[in-house]
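# Examination of the molecular architecture
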Amino acid sequence: MVYSNEELENEINNLTSAINGIVTLLSSINEDSQSAGTRPVYIRVSDFSGVSDADRLQKAIDYAQQNSIKTVFSDDFSFYLEKTITIKKGVRLLSAYSTVYMLGANVDGFIIEQDASFLGGKVAIDVNGYTRKAISLNGSQKFYNTWNNTQIDDITILNWMGDNGGTGIYLYSGGNEHEISFVNFSNIKVVGFEKGIHLRATKPSSGRAWVNANNFDNIAIEDCVHMIVLEGSETVPFETTGNIFSNLQIQPSSSTKKIITASGQDNRFSGMVWDLFEIPHSGSVVDFTARSSYNFVDLSRNVPLDRVSDKGRKNLVVSHDTTIIEKRTSDPQDPAIGQVWLRTDLNPTTDAVYRIMTSAGVMHLPLKSV
């Protein structure tokens, strides 16, 4: 069929009208879908502008919270931060494999709010004389209930300046009903700080405060002055109790003074300590304060009992010095430190039948019969 110029022009106009109609229809469907609440699954920091890396990162997190977007993806970049970043409630900051957050000022690095998470990446201190906290949680956010999503996972926290300043991970409660409980930390490396991990509860002016029942699993701590510190009391009004540190890998250095300093009760520490000879003193490296009881330490039996100071009650360190050597119907009159015995006159279903002599006196072993 041969069209005249006028007929061909009419056909083109009809086709153009049809295409415009389809575009209008698709746009209408998209607008209706957006108005019905469709949102992106995640946003990228690279989509935001700002006067600094910290400004761009915080804008992305704030936008995610305000628009109920759960995940902020950092992209595979290095961020130079001179301001504190707050990961807002309900937001997960997900880092790419090689993401580095460099702190270039003496400020707190990341503050984690309730129901927020920080996953992946490296936090590196890039300023001399650092005295702040790289990652911190405050009990004023009231971290409670086991179903909250708060999680810190797959992160390396490193002070690479060589001056052992600041704190790697800091949990603090000090106000009325301030609480940090049931938060999970896993697959984390902490290197080069004054305090590696610090859990702290202080007595509030009224009410109670606590840092209890938190889990730290697969944690490596290296070259810190104080590797793990629990500061508080055995119970409220300021309590640090029931925190579990499992699969620890601890590497002391010539800067190290203490491996564990613990207040509170029923805290558990298990894993490995390497190269104790690197610590440049022969005194205690595990200290239980006067506000401690029923804590348990098993660092692959690499900490001898003469490197333990216990001012509390019924704390236990499992060591190469701990060997069951006899069965008895009464306690020996003059047991040596490290001597363990089985009280055959007691009922193992109702009593702690094992006893151990420590520098603080006779203690009961909360272990099953062997």
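Quick summary incoming for the structure in this document. (Residues numbered from 1 in each chain as written. Predicted model: local features only at pLDDT ≥ 70, side-chain atom pairs only at ≥ 80, totals over all residues. Heavy atoms only, no water.)

Turning our attention to the pairing of strand β9 (residues 122–125). Walk down a regular strand and you will see the side chains alternate between the two sheet faces. Bridge count for strand β6 (residues 100–103) against β9 is four bridges, and the pairing is parallel. Bridging across to β9, leucine 103 finds its partner in isoleucine 125. With four bridges joining them, β9 and strand β11 (residues 151–159) adopt parallel strand pairing. The partner of lysine 122 across the bridge, within β11, is threonine 156. (Pairing = 2+ DSSP bridges. Helix = DSSP H or I, 4+ residues; strand = E, 2+ residues; numbered from the N terminus.)

By size, the foremost hydrophobic cluster in this structure holds 82 residues, and its most contacted members are Phe110, Phe118 and Ile157. Apart from residues lying up to four places away in sequence, phenylalanine 110 is in contact with Leu57, Leu81, Ile85, Ile87, Leu93, Tyr101, Phe118, Val123, Ala134, Ile135 and Ser136. (Core = buried A, V, L, I, M, F, W, Y, C linked by side-chain atoms within 4.5 Å. Buried < 20%, exposed > 50% of the residue type's maximum accessible area, 1.4 Å probe, protein only. Contact = heavy atoms within 4.5 Å.)

An order of β13-β16-β19 is seen for the three strands of this open sheet, with the pairing classed as parallel. Across the chains shown, the open sheet's two edge strands, defined by having one partner strand only, are β13 (178–181) and β19 (238–239). In terms of strand pairing, strand β16 (residues 209–212) meets β19 through two bridges, oriented parallel. When the sheet's bridge partners are listed, alanine 209 is paired in β19 with phenylalanine 238.

Looking at where serine 117 falls in the secondary structure, it is placed in strand β8 (residues 117–119). Residue serine 117 is classed as buried on the basis of its relative accessible area, which comes to 7%. Expressed as a C-alpha distance, the spacing of serine 117 and threonine 71, which sit 46 residues apart in the sequence, is 9.3 Å. Apart from residues no more than four positions distant in its own chain, serine 117 is found in contact with Ile87, Val91, Arg92, Leu93, Asn149, Thr150 and Gln151.

An order of β4-β7-β10-β12-β15-β18-β21-β23-β25 is seen for the nine strands of this open sheet, with the pairing classed as parallel. Sheet topology places β4 (85–87) and β25 (308–310) at the edges, where each strand pairs with a single neighbour. Ignoring which end each strand starts from, the neighbouring axes of this sheet average 15 degrees apart. By the bridge criterion, six bridges tie strand β12 (residues 167–173) to strand β15 (residues 195–201) in an arrangement that is parallel. Bridge assignment links threonine 167 to a residue of β15, and that residue is lysine 195. (Axes fitted to C-alpha atoms, helices over the stretch in contact; angles between N-to-C directions.)

Attention now goes to the pattern of salt bridges. One pass over the structure, following the stated rule, counts 13 salt bridges. Arginine 200 is the partner of glutamate 231 in a salt bridge, and the nearest nitrogen-oxygen pair spans 3.5 Å. Remark: arginine 200 occurs in strand β15 and glutamate 231 occurs in strand β18 (residues 226–231); sequence separation between them is 31 residues. Using a relative accessible area of 26% as the deciding quantity, one classes arginine 200 as partly exposed. A network of salt bridges, in which partner residues are shared, links Asp331, Arg343 and Asp345. (Salt bridge = Lys/Arg side-chain N within 4 Å of Asp/Glu carboxyl O.)

Let's shift gears to helix α2 (residues 53–66). Because the α-helix completes a turn every 3.6 residues, residues three or four places apart line up on one side. Its 14 residues give α2 an end-to-end C-alpha distance of 20 Å, which sits within 8% of 20 Å, the value for a rise of 1.5 Å per residue. Of the positions making up α2, those classed as buried are Ala54, Arg56, Leu57, Gln58, Ala60, Ile61 and Ala64. Of the residues trailing α2, serine 68 is marked for its positive phi of about 55 degrees. (Expected span 1.5 Å × (residues − 1).)

Turning our eyes to something else, we now look at unusual backbone geometry. Residue valine 236 is joined to proline 237 through a cis peptide bond whose omega torsion reads 25 degrees. Looking at the element boundaries, proline 237 is found in the loop between β18 and β19. Positive phi, close to 70 degrees, is recorded for asparagine 145, a residue that is not glycine. Along the chain, asparagine 145 falls in the loop between β10 (133–138) and β11. We classify asparagine 145 as partly exposed; its relative accessible area is 25%. Unlike most non-glycine residues, aspartate 154 shows phi in positive territory, near 60 degrees.

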